[in-house]
Amino acid sequence: QVQLVESGGGLVQPGGSLRLSCAASGSFVGIGAMGWYRQAPGKQRETVAQITTSGITEYADSVKGRFTISRDNGKNMVYLQMNSLQPEDTAVYYCNARLRRNYGGRYSDYWGQGTQVTVSS
């Protein structure tokens, strides 16, 4: 069994900051790329940021310069530092990781349950 558990969401005023964390636990033998996605009410889920095992990052244009993704391979964790938050950043944020359950097996996508981020005055 594999679990991805997010934490760190909440209510913040415009211009504020939040740090999301996601911990992967359970039975797996390898972690590949990890990332953060978000889904606002009435909208499709979109990619926010991704990070490879070697630390190469990619960001959505809407968050470049404001958000920073990082990971701790020793702790099987990924983080999202969000600065200068705006109301349009309000969404449920989901953690994603590509995990390999067995040696010789393939990597598959796993998702966390989501954490709400609300930016409002």
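Everything numeric in this text was worked out from a predicted model, so none of it was measured. (Residues numbered from 1 in each chain as written. Predicted model: local features only at pLDDT ≥ 70, side-chain atom pairs only at ≥ 80, totals over all residues. Heavy atoms only, no water.)

S.K.: Report on the sheet that holds strand S3 (residues 18-26), specifying residues and quantitative values.
M.R.: Across the sheet, 4 strands lie side by side as S1-S3-S8-S7; this open sheet has antiparallel pairing. Strand pairing shows two members of the sheet lacking a second neighbour, strand S1 (2-7) and strand S7 (67-72), which therefore form its edges. Across the sheet, the mean angle separating the axes of adjacent strands is 15° when strand polarity is ignored. Here S7 pairs with strand S8 (residues 77-82) via 6 bridges, running antiparallel. In the sheet register, Thr68 faces S8, and the bridge partner there is Gln81. (Pairing = 2+ DSSP bridges. Helix = DSSP H or I, 4+ residues; strand = E, 2+ residues; numbered from the N terminus. Axes fitted to C-alpha atoms, helices over the stretch in contact; angles between N-to-C directions.)

S.K.: Would you mind going over the side chain of Arg71 in detail, with residue names and values included?
M.R.: By the secondary structure assignment, Arg71 is in strand S7. One buried charged side chain, Arg71, makes no salt bridge at all; its nearest oppositely charged neighbour is Asp72, positioned 8.2 Å away. Among the polar contacts listed, one links the side chain of Arg71 to the backbone oxygen of Gly32, at a separation of 3.0 Å. Side chain to side chain, Arg71 and Asn73 meet in a polar contact 2.6 Å long. Excluding anything up to four places from it in sequence, Arg71 contacts Ile31, Gly32, Ala33, Met34, Ile51, Thr52, Thr53, Met77, Val78 and Tyr79. (Buried < 20%, exposed > 50% of the residue type's maximum accessible area, 1.4 Å probe, protein only. Lys, Arg positive; Asp, Glu negative; His and termini not counted. Salt bridge = Lys/Arg side-chain N within 4 Å of Asp/Glu carboxyl O. Polar contact = N/O pair within 3.5 Å; in protein donor to acceptor, adjacent residues only side chain to side chain. Contact = heavy atoms within 4.5 Å.)

S.K.: Let's hear about the environment of Gln50: which residues, and what values?
M.R.: Within the secondary structure layout, Gln50 lies in strand S5 (residues 46-51). Relative accessible area serves as the criterion here: at 31%, Gln50 is assigned to the partly exposed category. Each C-alpha atom of the pair Gln50 and Arg98 lies 11 Å from the other, and the pair is 48 residues apart in sequence. Setting aside residues up to four positions removed in sequence, Gln50 forms contacts with Met34, Gly35, Tyr37, Ile56, Thr57, Glu58 and Ile69. A polar atom in the side chain of Gln50 sits 2.9 Å from the side chain of Tyr37.

S.K.: Got a sec to walk through the state of the cysteines? Specific residues and values, please.
M.R.: One pass over the structure, following the stated rule, counts 1 disulfide. Here Cys22 is linked by a disulfide to Cys95, with a sulfur-sulfur distance of 2.1 Å. On the sign convention where negative means left-handed, the S-S torsion of about -80° between Cys22 and Cys95 marks this disulfide as left-handed. Pair noted here: Cys22 is in strand S3 and Cys95 is in strand S9 (residues 91-100), with a separation of 73 residues, a long-range link. (Disulfide = S-S within 2.5 Å.)

By themselves, these observations are geometric and do not establish any function.
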